[in-house]
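# What the coordinates show
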Amino acid sequence: MLVKRFADAEPYDAPNHWGVTGLRLQGFEDGGPENQWVGLSQFLPGGGAGPDSTPFEKVYVVLEGEMTVIVDGEETVLKPMDSCRIAPDEVRKIENRSNHVCKMIVVIPYPDGKRPE
C-alpha cells in the first residue's frame, strides 16, 4: 500500500487548461499506481479546458460544484458525484460556468499504459 497525504500532493500544469489548479494525488512515484494516475483539479468560476483530445481515455468525477462537459456540440452538466468517461481521441471542452469552485477527480492512464520508470 502506498499512502499519500493531501498535504504532500504536488501541483502540475495541464496543457490547454485555464483558471485551474491541478494536484497529483497518486502517480509517477515509486510504488505508485502501475497503469494510471489520479489528480484533483480545482477550477475557478470561468475556468476550463479544451477543446482538445488525448489518445487515451480519462474519467472525471465531480466532488463539489459543477462542470459543463461539451462533446460533439452536446452539453452535459456534471454535479457532485456525477462522473463521465471521455473516450480516446474524443474532442471535449469543459467549462465551470457557475460562481463556485468545481473540484473534480481526474483518472488518466499513463501515456504508454504503464508507469514511467
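Because the structure is predicted, anything quoted here is derived from the model rather than measured.

So, about the pairing of strand β8 (residues 92-95). Taken together, the three bridges between strand β3 (residues 36-52) and β8 define a ladder with antiparallel strand orientation. Paired with G48 across the two strands is E95, which belongs to β8. The pairing of strand β5 (residues 67-71) with β8 spans four bridges and is classified as antiparallel. Residue pairing for β8: I70 is matched across the bridge by K93.

So, on to the nonpolar core. Judged by nonpolar contacts, the single largest core of 19 residues is most densely connected at Y60, M67, V69, I94 and M104. Considering every element that reaches this core, the biggest residue donor is strand β9 (residues 102-109), with four residues. Contacts of I94, omitting those with residues within four sequence positions, involve F43, G47, G48, A49, Y60, M67, T68, V69 and M104.

Time to look at the packing of aromatic side chains. Within the structure shown, the criterion is met by three aromatic pairs. A centroid spacing of 5.9 Å and a plane angle of 55 degrees characterise the contact between F28 and W37, whose relative ring orientation is tilted. You can call W37 buried: its relative accessible area is 9%. Ring geometry for F28 against Y110: centres 4.9 Å apart, planes inclined by 80 degrees, an arrangement best described as edge-to-face. One end of the pair, F28, is in the loop between β2 (17-26) and β3; the other, Y110, is in the segment after β9, with 82 residues separating them in the sequence. With a relative accessible area of 38%, F28 lands in the partly exposed category. Judged by relative accessible area, Y110 falls into the buried class, the value being 1%. Site record: aromatic cluster; members linked through ring pairs are Y12, F28, W37 and Y110. It is R24 that lies over the ring of W37; its NZ or CZ is 4.7 Å from the centre.

Attention now moves to unusual backbone geometry. Most peptide bonds are trans, and most residues other than glycine sit at a negative phi. With omega at 5 degrees, the peptide bond leading from G50 into P51 counts as cis. With respect to the helices, strands and loops of the structure, P51 is situated in strand β3. Its identity is not glycine, yet F28 carries a phi of approximately 70 degrees, on the positive side. Non-glycine residue D89 carries a positive phi angle of around 65 degrees. Inspection of the secondary structure assignment puts D89 in the loop between β7 (83-86) and β8. A relative accessible area of 53% means that D89 is categorised as exposed.

Inspection of the secondary structure puts F56 in the loop between β3 and β4 (58-64). Separated by 54 residues in the primary sequence, F56 and Y110 have C-alpha atoms spaced 8.6 Å apart. Excluding anything up to four places from it in sequence, F56 contacts A87, P88, I108, P109 and P111.

Rules used throughout
- Residues numbered from 1 in each chain as written.
- Predicted model: local features only at pLDDT ≥ 70, side-chain atom pairs only at ≥ 80, totals over all residues.
- Heavy atoms only, no water.
- Pairing = 2+ DSSP bridges.
- Helix = DSSP H or I, 4+ residues; strand = E, 2+ residues; numbered from the N terminus.
- Core = buried A, V, L, I, M, F, W, Y, C linked by side-chain atoms within 4.5 Å.
- Buried < 20%, exposed > 50% of the residue type's maximum accessible area, 1.4 Å probe, protein only.
- Contact = heavy atoms within 4.5 Å.
- Phe/Tyr/Trp six-rings, centres within 6.5 Å; stacked < 30°, edge-to-face > 60°.
- Lys NZ or Arg CZ within 6 Å of the ring centre and 35° of its normal.

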